[in-house]
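Listed below, chain by chain, are the residues.
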Amino acid sequence: MTKIRKETYCCPKCKQYGEFKMYETINVDLDHTLKEKVMSGELFTWTCPHCNEKMLVLYDFLYHDMTREFMIYFSPSKSSEYKDSINDMLDKFPGMRGRTYRIVDDYNLLKEKIRIFESELDDIIIELSKVLMKYQKDNKIPENGTLILHKCIAGNSSEKNGMLVFRIIKDGKLQKEMALLSIDGYNDYKKGVQEDNRFLMDSYCENINEEWILNKLTTDK
């Protein structure tokens, strides 16, 4: 189900107060419009009812896709605490483990996870691909840049001659440059991940990102 709470915010421009509807839980099967509001940023945009000033407000919430059986917990400031409480819950209730659980603390990564799971891809393989592309010789990715999956042209990982398109984020801004990975290349990385026990998750719900992959790569097999 979808749960909503209301908060009051002070407009930084006119100093007047207004109410903001914030979602605690989003179920995109029950309301398909909510996914687009997440992806566009509308869900996090507060508009002052007095002067129409707009303000971005990132807050904790759960994104639930029942059809594809994944849940993404978005927590910009308390992701570690959130992750521990989720794993404690899943440890106590085994019947709830039959889904994919992830936690993210970055808005761009939240949108990327949604794209990954909707395209029937594996985020561990995607993150490994991004790290290998970023740190290979003669790459055009800035040292402080981040790759983010933009789209899967093939639609899913079973298609042949498909392509994964990555965009570059630098200093919080989306760049024009792109990086490409073929589905064949993705499947090669997939085979490597499946044969390497270092890439097993340590808990039911984790923040799978570049840091997670680099930690795994520096662990002895």
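Every chain is numbered on its own, with residues counted from 1 as its sequence reads. Totals for whole chains, interfaces and linings use every residue, but because this is a predicted model, local features are given only for residues with pLDDT of at least 70 and side-chain atom pairs only at 80 or more, for both listing and counting. Computation of side-chain values covers all heavy atoms of the structure but excludes hydrogens and water.

## Examining a negative patch on the surface
Where we set the bar: Without a salt bridge and with relative accessible area above 30%, a residue can belong to a patch; like charges are then joined within 9 Å and nonpolar side chains (Val, Leu, Ile, Met, Phe, Trp, Tyr) within 5 Å. Values of accessible area rely on a 1.4 Å probe in the Shrake-Rupley scheme; residue burial ignores everything except the protein chains shown. By definition, a salt bridge exists where a carboxyl oxygen of Asp or Glu is found within 4 Å of a side-chain nitrogen of Lys or Arg. Lys and Arg are tallied as positive, Asp and Glu as negative. Neither His nor the chain termini are counted. Lys charges are placed at NZ, Arg charges at CZ, Asp charges at CG and Glu charges at CD. Secondary structure follows DSSP: runs of H or I at least 4 residues long count as helices, runs of E at least 2 residues long count as strands, and numbering of each begins at the N terminus.
A surface patch of negative charge is lined by E81, D84, D88 and D91. Looking at the secondary structure, you find D91 in helix α2 (residues 79-92).

## Some words on helix α4 (residues 123-135)
To keep it simple, the criterion reads: Helices are assigned an expected span. That span is 1.5 Å times one less than the residue count. Any residue under 20% of the maximum accessible area for its type is buried, any over 50% is exposed, and the rest in between are partly exposed; the area is computed with a 1.4 Å probe on protein chains only. The term polar contact refers here to a pair of N or O atoms within 3.5 Å; inside protein, the definition further demands a hydrogen-donor-capable atom paired with an acceptor-capable atom, and it admits residues adjacent in sequence only when both atoms are side-chain atoms.
Over its 13 residues, α4 runs 18 Å from end to end, which matches the ideal 18 Å to within 8%, given 1.5 Å per residue. Taken across its 13 residues, α4 has eleven buried, putting it largely inside the fold. Capping the start of α4 is the job of one residue whose side-chain oxygen sits 2.8 Å from the backbone nitrogen of I124: D122.

## Some remarks on the packing of aromatic side chains
Filter applied, for reference: The criterion for an aromatic pair is that two Phe, Tyr or Trp rings (for Trp, the six-membered ring) have centres within 6.5 Å, with stacked assigned to planes under 30 degrees apart, edge-to-face to planes over 60 apart and tilted to the rest.
For the structure on display, the rule yields twelve aromatic pairs. Between the aromatic rings of F20 and Y59, the centroid separation amounts to 6.1 Å while the plane-to-plane angle is 80 degrees, which identifies the pairing as edge-to-face. Here the residue F20 occupies a position in strand β2 (residues 17-27), and Y59 occupies one in the loop between β4 (54-56) and β5 (61-65), the gap between them amounting to 39 residues. A relative accessible area of 4% means that Y59 is categorised as buried. Look at F44 and Y107: their rings are 5.3 Å apart centre to centre, the planes differ by 75 degrees, and that puts the pair in the edge-to-face class. On the criterion of sequence distance, the pair formed by F44 in the loop between α1 (33-40) and β3 (45-47) and Y107 in helix α3 (residues 107-118) is long-range, its members being 63 residues apart. Each member of the pair, F44 as well as Y107, carries the same accessibility label: buried. What links up through ring pairs into an aromatic cluster is the set Y9, F20, F44, W46, Y59, F61, F74 and Y107.

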